[in-house]
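This is what each chain is made of:
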Amino acid sequence: MSDGAGIDARGAEAPRLGIAEIFHSIQGEGFHAGTAAIFIRASGCNLACDFCDTDFSPRERLTPAQVLERISGFACRFVVLTGGEPTIQPRGMRALVALLHERGYYVTMETNGSSADTLGVDWVTVSPKLSQKGEWVLKRGQELKLVYESQDLSLYEASHFDHYFLQPKEIRTAPWGGGLRDAERTREEWQKTSRAVMGRPRWKLSIQLHKELGMR
């Protein structure tokens, strides 16, 4: 365990994590939609998706113990590691997961699947992006969640997940998640994705519940 000053119990320097934000909210997507959760958003990503609606720019560098201290005031034991992409900081994230488990937290991770490393979490949600062009390596886990862009779903069905979700793409008035939601075009995406789900029974619809509730 770290003392919070960057030195662990063995006297070694504790890894520091690039963190974009930490907050308490509702998981709005996929299998755990509606569950109160602590979100630990890692900074940085190895992809550049033009529909990305998340600001994962770095704001802090924290040790795992400092992250634990930050979340200790939340009445919640359900953690979502997200980003950006958590697996691009493997040493720090694995240390954080170990510490969270030690303190009784249930830890989930949202990843684009570009790394086979699951960081030792309890639940893995893989969300491959079309920009990866099939080059995603983590094809096994609890949940596969796709932002639907009319891609060939059979490419993703040759995988081993317990649950499969399609999520409509949110259309905004500016690129890279900027501007306001284009309500009419976004609703068209909802309808397109719903039709895809109705045509392939393996898949379920995932709507970003937190956005409809006006939450982060």
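In short, a report on the structure.

Cut-offs used in this document
Residues numbered from 1 in each chain as written. Predicted model: local features only at pLDDT ≥ 70, side-chain atom pairs only at ≥ 80, totals over all residues. Heavy atoms only, no water. Pairing = 2+ DSSP bridges. Helix = DSSP H or I, 4+ residues; strand = E, 2+ residues; numbered from the N terminus. Axes fitted to C-alpha atoms, helices over the stretch in contact; angles between N-to-C directions. Core = buried A, V, L, I, M, F, W, Y, C linked by side-chain atoms within 4.5 Å. Buried < 20%, exposed > 50% of the residue type's maximum accessible area, 1.4 Å probe, protein only. Contact = heavy atoms within 4.5 Å. Parallel < 35°, antiparallel > 145°, perpendicular 65-115°, else oblique. Left-handed = near helix turned anticlockwise from the far one by under 90°. Nonpolar A, V, L, I, M, F, W, Y, C, P; charged D, E, K, R; others polar. Salt bridge = Lys/Arg side-chain N within 4 Å of Asp/Glu carboxyl O.

### Here's the deal with the sheet that holds strand β8 (residues 160-168)
Okay, so step 1: What the nine strands build is an open sheet, ordered β3-β1-β2-β4-β5-β6-β7-β8-β9; its pairing is mixed. Single-partner strands in this sheet number two, and they are β3 (60-62) and β9 (203-205). Averaged over all neighbouring strand pairs, the angle between strand axes comes to 30°, with direction disregarded.
Okay, so step 2: Inspection of the sheet shows strand β2 (residues 36-42) paired to strand β4 (residues 78-82) by four bridges, in the parallel sense.

### What about the nonpolar core?
Okay, so step 1: In this structure, Ile40, Val79, Leu81 and Trp203 are the most contacted members of the largest nonpolar core, which totals 44 residues.
Okay, so step 2: Setting aside chain neighbours within four positions, we find Trp203 in contact with Leu144, Leu146, Leu153, Tyr156, Glu157, Tyr164, Phe165, Leu166 and Val197.

### Focus: the packing of helix α1 (residues 64-71) against helix α2 (residues 90-102)
Okay, so step 1: The interhelical angle for the contact between α1 and α2, taken along N-to-C directions, is 45°, at an axis separation of 9 Å. Compared by their axis directions, α1 and α2 come out oblique. The handedness of the crossing between α1 and α2 is right-handed. Taken together, the residues of α2 that come into contact with α1 (itself represented by Pro64, Ala65, Val67, Leu68 and Ile71) are Gly92, Ala95, Leu96, Leu99 and Leu100.
Okay, so step 2: Taken together, the residues that form the contact of α1 with α2 break down as nine nonpolar, one polar and no charged.

### Some words on the pattern of salt bridges
Okay, so step 1: Scanning all chains against the criterion turns up eight salt bridges.
Okay, so step 2: When the shortest N-O distance is used, the salt bridge between Asp117 and Arg94 registers 2.8 Å. Of this pair, Asp117 sits in the loop between β5 (106-111) and β6 (123-126) while Arg94 sits in helix α2; the two residues are 23 residues apart in sequence, bridging distant segments of the chain.
Okay, so step 3: Of the residues examined, Asp117 reaches a relative accessible area of 21% and is grouped as partly exposed.
Okay, so step 4: For Arg103, the salt bridge identified is with Glu102, shortest N-O distance 4.0 Å.

### Quick notes on the environment of Leu96
Okay, so step 1: Relative to the helices and strands, Leu96 is located in helix α2.
Okay, so step 2: It is 9.2 Å that separates the C-alpha atoms of Leu96 and Pro15, two residues lying 81 residues apart in sequence.
Okay, so step 3: Sequence-distant contacts of Leu96, defined by excluding residues within four places in its chain, comprise Leu17, Ile40, Pro64, Val67 and Leu81.

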